[in-house]
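Report on the structure
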Amino acid sequence: MPPRHQADVPGLVERARAGEARAVARLISLVEDESPLLREVTAALAPHTGRAQVLGLTGAPGVGKSTTTNALVRELRAAGKRVGVLAVDPSSPFSGGALLGDRIRMQDHAGDKDVYIRSMASRGHLGGLAWSTPQAVRVLDAAGCDVVVVETVGVGQSEVEVAGLADTTLVLLAPGMGDGIQAAKAGILEVGDVYVVNKADRDGADQVRRDLRSMIALADRPDDGWEPPIVKTVAQAGDGLAELVAEVDRHHAWLQQTGELRARRTRRARAEVEAIALASLRRSWGGWSDGGDGSGHTGLDELAAAVAAGDTDPWAAADRLLEQVGG
């Protein structure tokens, strides 16, 4: 097998589109590793994307995200859909590694050739996703998945980035975990398209649902005509999953009818293009700050020192930096 930087990208893409799991894994690895072939990979994938329904699933630790994902995949497969799962796990701040335990929790689907499960390390990226998640979604989309489920890290209230990636965002809560109070402080009241009260066989589930309904009514949500439903589930037993899938389908139909699906995907593409451009710009700053040749010229540091000393203001310094980078 050739080294990754010598991979046959067109061949990999064709094999991935034919459903070969190893080719899908190789493409996602190229994306995660920011391979020199990344541009070639994304260019080869582009004509085959835009077909998959992307579901984002988020919520605080302990609400049952992985169990719900597992049950959701089972329900989607019963409907004859090919499913891809990207489960993002937190990275250790010390080793950079991650447990990647979602594959352990989703062993029910290990032998199903129409289910692809990939655990990804966040690698310090905030917002509940890995930096490469959008590109990995593109791989699974091109590989013929009808639905791609993206499960976030589960670190708390900051996990709203998934709303920018997904067509439909599912927000999970559970009784007895203080989620009613936490949700009032979090951005999740604005980003959820469907809310799920999981572990609904526990005491307090009805109260969580009532509290959530009241807080959604008071939240600063988009005035787009969609009223997010609240579904009660017991994912461990599979209860409520059929209703959850029905609400997801209803939301997808609404997105298509109103033109919001195209608008969301355009915003997603805009954010991705912007992120790539900013990353390139930062690399340009790095090249300029050391002279581009390791000569030790520290123009960026000099500008920062001038701002700190009060000799210039940060806006003027930023203009100067952009002039220098732009030539």
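Preceding this paragraph is the structure being described.
Reference entry: report on the structure contained in this document.

Rules used throughout
- Residues numbered from 1 in each chain as written.
- Predicted model: local features only at pLDDT ≥ 70, side-chain atom pairs only at ≥ 80, totals over all residues.
- Heavy atoms only, no water.
- Helix = DSSP H or I, 4+ residues; strand = E, 2+ residues; numbered from the N terminus.
- Buried < 20%, exposed > 50% of the residue type's maximum accessible area, 1.4 Å probe, protein only.
- Phe/Tyr/Trp six-rings, centres within 6.5 Å; stacked < 30°, edge-to-face > 60°.
- Polar contact = N/O pair within 3.5 Å; in protein donor to acceptor, adjacent residues only side chain to side chain.
- Contact = heavy atoms within 4.5 Å.
- Axes fitted to C-alpha atoms, helices over the stretch in contact; angles between N-to-C directions.
- Parallel < 35°, antiparallel > 145°, perpendicular 65-115°, else oblique.
- Left-handed = near helix turned anticlockwise from the far one by under 90°.
- Nonpolar A, V, L, I, M, F, W, Y, C, P; charged D, E, K, R; others polar.
- Pairing = 2+ DSSP bridges.

**Some words on the environment of Gly225**
Along the polypeptide, Gly225 turns up in the loop between helix H10 (205–218) and strand S7 (230–232). Judged by relative accessible area, which is 63%, Gly225 ranks as exposed. For the pair formed by Gly225 and Thr258, sequence separation is 33 residues and the distance between their alpha carbons is 9.5 Å.

**A closer look at the packing of aromatic side chains**
What the rule picks out here adds up to 1 aromatic pair. Centre to centre, the rings of Trp226 and Trp254 are 5.5 Å apart; their planes meet at 45 degrees, and the pair counts as tilted. On the criterion of sequence distance, the pair formed by Trp226 in the loop between H10 and S7 and Trp254 in helix H11 (residues 241–258) is long-range, its members being 28 residues apart. With a relative accessible area of 13%, Trp254 lands in the buried category.

**With respect to the side chain of Thr168**
Take Thr168: it is sitting in strand S5 (residues 168–173). Taking the relative accessible area as the measure of exposure, Thr168 reaches 0% and is therefore buried. Engagement of the side chain of Thr168 in a polar contact is seen with the side chain of His251, the distance being 2.7 Å. The residues touching Thr168, leaving out its near neighbours within four places in the chain, are Val54, Leu55, Gly56, Asp193, Val194, His251 and Leu255.

**Observations regarding the packing of helix H1 (residues 9–17) against helix H3 (residues 38–45)**
Closest axis-to-axis distance for the H1/H3 pair is 10 Å, and the angle between their directions is 45 degrees. With respect to H3, the element H1 is oriented oblique. For the element pair H1 and H3, the recorded crossing hand is right-handed. Taken together, the residues of H3 that come into contact with H1 (itself represented by Val9, Pro10 and Val13) are Glu40, Val41, Ala44 and Leu45. Along the lines of polarity and charge, the residues of the contact of H1 with H3 split into 6 nonpolar, no polar and 1 charged.

**Focus: the pairing of strand S4 (residues 147–151)**
The element S4 is extensively covered by neighbouring structure, given that 5 of its 5 residues are classed as buried. Covered by surrounding structure in S4 are Val147, Val149 and Glu151 together with Val148 and Val150, the residues of both alternating faces. Pairing analysis gives 5 bridges linking strand S1 (residues 53–59) to S4, with the strands arranged parallel. Following the sheet pairing, Val54 is matched in S4 by Val148.

By themselves, these observations are geometric and do not establish any function.
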